[in-house]
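# Report on the structure
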Amino acid sequence: MSNTDTAASTEQPESMELAQALAAQLSRHLTDVVLCPGSRNAPLALALLVRPDIRVHTRLDERSAAFAALGLARVQRRHVGVVMTSGTAVANTLPAMVEAHYSHTPLAVISADRPARMVGTGASQTIEQQGIFGVYASTTQVEKTSDAPLIAERFLADRQVHINVAFDVPLVGEELPGPPSDVTQHRARTPRWSNHGEVAVDLSRNTLVVAGDEAWEVEGLEDVPTIAEPTAPAPYHPVHPAAAHLFRCAQVSANDYVVNTKVEQVIVVGHPTLHRGVLALLNDPDIDLICLSRTEDFTNPRGESAQLGTTVKTSGEPTRDWMKICEGAAQMAADGVREVLAESVGEETTGEEAKDSDIGFTGLHVAAAVGDTLSVGDVLVLGASNPVRDAALIGLPFDGVETYSPRGAAGIDGTIAQAIGIALATQSREADAPRAPRTVALMGDVTFLHDATSLILPEDNPRPENLTIVVSNDDGGGIFELLEQGREPLRASFEKAFGTPHGVGVAKLAEACGADYREVSSAQELLDVLAELKEYSTGITVVEAHTTRSSRRALQEALAAKVGQ
């Protein structure tokens, strides 16, 4: 890293000198910055654009910019910056900062501000920016060139960083700033993981691992049967989440045999959130609970009765009978899901039989088609609502497929922007590959519409070269069909409050934003389109799958009947 700042071709105003000093410091911690157009941040924008050691992406609005930065950071596992002007522009980055906080993803918001003398005077586009992120990120205030080095401590110590820079007029000089005399070759380290110590684990006891978002491969637990959510590492001995209820039973009858299925201890790794049956295991007071985390936060519903740590010291090994029980339960649940899917679109029937089996083309069928067309080296992005749960039911995680989902705060905010950021970071990481790695993003229609403007990428910007966005369009809030408010006695108010049908033309949206568009209405059509795009896709393609949500509750009941939930 260089110790010098920048060399200007002509004398620049103080704001420009401050911006150049700040850009030099940022280059020691960031490889990528997402920039939004604005007036007060003009000095920093110009200073960043002349630096060869920072890739600058531009976005039209701050919310999309922040989520794009978050997507880049998920892959890079280091800070990515987002730069904007003052006022509500800063507030628009709060949702991404919240997700970054709860998912422990590095993210840096660098906001321009008015000088302190203007705050509280009614000056245009001037709000209280210091402390704007509350508990999610503290503010480092930068007001003069000598303050620029202060940011280094924040980047080394915190994953969520807010740098608030007061720029005074004149903001820019008569000419563009000259190229910097320093170029950063190696970035400073990122904040270290926490270590909460070691927990002793006797694996001869019936043990399950539950791996959620942020999980990692814990040394010593490789051979333990594992219920893994889609964003966790693929386990060697996977257990299907639909079988979770079996492990709370003392005994289960199977093929004229009585099997002892009660789990004695559960080890939580990361942040599991998806399945009620799995979470019931964590809450069962008759099951010992061990929670492992590499951050300051634990997923621990049992308080002081749980053991906490980061690493394990194992003794014993899983018994052969326990491994067979877990394998059998996993196979039963996985086969049951596929059988229900096949039956729901099976041969034509009549009468009551038709009424029971006519489920139609649902979001779960879409997830199955997406999963069946994934290959080693692909990247998968899952919307935080039904898609990530459907992906778990059809068998994810898959070995060799990187999977991301915003499970920190589990919001649908900014999913398209994050998918674009993830695709960009992945193709940059694999720049020497003959073809950009394939990124597939699966989301519902409400999630897609919530962030559709993130498809707008200004000219002369890095663009995804191989991104397929599959939209499971059931014309509204399909996840609510499965929740308590979806029960028949409450249906009179359902569509207005929860179903929210919209009838938006996804094709026109995709076309307006410059994305390719494909349309399917069955699982086979989706399989065919995904197979084709796998071979020939370039750029961004939106695949709209027309699905139904009217039968999702019936499908869920059929799954429960099949796997005994």
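Residues numbered from 1 in each chain as written. Predicted model: local features only at pLDDT ≥ 70, side-chain atom pairs only at ≥ 80, totals over all residues. Heavy atoms only, no water.

## Some thoughts on the pattern of salt bridges
- One pass over the structure, following the stated rule, counts 25 salt bridges.
- Residue Asp 147 pairs with Lys 144 through a salt bridge whose shortest N-O separation is 3.3 Å.
- Taking relative accessible area as the criterion, Asp 147 reaches 11% and is therefore assigned buried.
- Between Asp 372 and Arg 338 there is a salt bridge whose closest N-O contact spans 3.1 Å. In this pair, Asp 372 is assigned in helix 10 (residues 363-372) and Arg 338 in helix 8 (residues 320-344), connecting sequence segments 34 residues apart.
- Residue Asp 372 is classed as partly exposed on the basis of its relative accessible area of 46%.
- Shared partners join several salt bridges into a network, and the residues in it are Glu 481, Arg 491, Glu 495 and Arg 549. (Salt bridge = Lys/Arg side-chain N within 4 Å of Asp/Glu carboxyl O. Buried < 20%, exposed > 50% of the residue type's maximum accessible area, 1.4 Å probe, protein only. Helix = DSSP H or I, 4+ residues; strand = E, 2+ residues; numbered from the N terminus.)

## A few points about the sheet that holds strand 4 (residues 107-113)
- On the basis of which strands lie adjacent, the open sheet formed by six strands has the order 2-1-3-4-6-5 and parallel pairing. With one partner strand each, in any of the chains shown, strand 2 (55-58) and strand 5 (139-142) form the two edges of the open sheet. Each strand axis lies, on average, 20° off the axis of its neighbour in the sheet, ignoring direction.
- Alignment of strand 5 against strand 6 (residues 160-166), held across four bridges, turns out to be parallel. Bridge pairing links Gln 141 to Asn 164 in strand 6.
- Strands in contact with helix 1 (residues 14-26) are strand 4, strand 5 and strand 6; relative to strand 6, the strand with the most contacts, it is inclined by about 165°. (Pairing = 2+ DSSP bridges. Axes fitted to C-alpha atoms, helices over the stretch in contact; angles between N-to-C directions. Contact = heavy atoms within 4.5 Å.)

## Some remarks on the domain arrangement of the protein
- As far as domains go, the protein holds domain 1 (14-166), domain 2 (198-333) and domain 3 (358-563).
- Placing a centre on the C-alpha atoms of domain 2 and another on those of domain 3 gives a separation of 29 Å.
- Facing 20 residues of domain 2, the contacting portion of domain 3 comprises 19 residues.
- Carbon and sulfur atoms make up 61% of the surface buried where domain 2 meets domain 3, a total of about 1,400 Å² over both sides.
- If you look at where domain 2 meets domain 3, you find one salt bridge. (Domains from an automatic or database assignment. Buried area = accessible area lost by both parts, 1.4 Å probe.)

## Brief notes about a negative patch on the surface
- A cluster of acidic residues, Glu 217, Glu 219, Glu 222, Asp 223, Glu 317 and Asp 399, forms a negative patch on the protein surface.
- Position of Asp 223 relative to the elements: it lies in the loop between strand 8 (207-211) and strand 9 (226-228). (Patch = residues over 30% accessible without salt bridge, like charges linked within 9 Å, V, L, I, M, F, W, Y side chains within 5 Å. Areas by Shrake-Rupley, 256 points an atom, 1.4 Å probe, with all protein chains shown as cover. Lys, Arg positive; Asp, Glu negative; His and termini not counted. Charge placed at Lys NZ, Arg CZ, Asp CG, Glu CD.)

## Overview of the state of the cysteines
- Under the counting rule described, the total for this entry stands at zero disulfides.
- Just so you know, Cys 36 is unpaired, no disulfide at all, and the nearest cysteine sulfur is the one on Cys 513, 16 Å from it.
- Classification of Cys 36 as buried rests on a relative accessible area of 1%.
- Of the cysteine sulfurs around Cys 326, a residue in no disulfide, the closest is that of Cys 249, at 13 Å.
- Classification of Cys 326 as buried rests on a relative accessible area of 2%. (Disulfide = S-S within 2.5 Å.)

## Observations regarding the UniProt feature "domain: Thiamine pyrophosphate enzyme TPP-binding" (unreviewed entry) in the protein
- Residues annotated by UniProt as "domain: Thiamine pyrophosphate enzyme TPP-binding" (unreviewed entry) correspond here to residues 414-544.
- Within the segment residues 414-544, helix and strand shares are 37% and 19% respectively, and the terminal C-alpha atoms sit 18 Å apart. (UniProt positions renumbered as here; feature names shortened; annotations may be inferred.)

## A look at helix 16 (residues 523-536)
- In a regular helix each residue adds 1.5 Å, so 14 residues correspond to 20 Å; helix 16 covers 20 Å between its end C-alpha atoms and thus fits that length.
- Tucked inside the fold, the buried residues of helix 16 contact helix 10, strand 19 (466-473), strand 20 (516-520) and strand 21 (539-546). (Expected span 1.5 Å × (residues − 1).)

## Overview of empty space enclosed by the protein
- All told, the structure shown has one cavity of 30 Å³ or more when counted by the stated rule.
- Taken as a whole, the largest cavity spans an internal volume of roughly 30 Å³.
- Lining the largest cavity are Ala 367, Val 370, Gly 371, Leu 374, Leu 380, Leu 382, Ala 391, Ile 394, Leu 396 and Leu 442.
- Those elements that place two or more of their residues in the lining of the largest cavity are helix 10 and strand 16 (379-382). (1 Å grid on protein atoms, 1.4 Å probe; cavity = no way out; pocket = protein on both sides within 12 Å on 5 of 7 lines; lining within 4 Å. Points joined across faces, edges and corners; volume = space filled by probe spheres on them.)

## Regarding unusual backbone geometry
- In this structure, Pro 170 follows Val 169 across a cis peptide bond, with omega equal to -5°.
- By secondary structure assignment, the location of Pro 170 is in the loop between strand 6 and strand 7 (198-202).
- Here the residue pair Leu 396 and Pro 397 is connected by a cis peptide bond, since its omega of 10° sits within 30 degrees of zero.
- Of note, Pro 397 is situated in the loop between helix 11 (386-393) and strand 17 (402-404).
- The backbone of His 104 shows a phi angle near 55°, a positive value even though the residue is not glycine.
- Structurally, His 104 can be placed in the loop between helix 5 (94-103) and strand 4.
- Here the phi dihedral of Gln 125 falls at roughly 55°; this positive angle occurs in a residue that is not glycine.
- Residue Gln 125 is classed as partly exposed on the basis of its relative accessible area of 41%.

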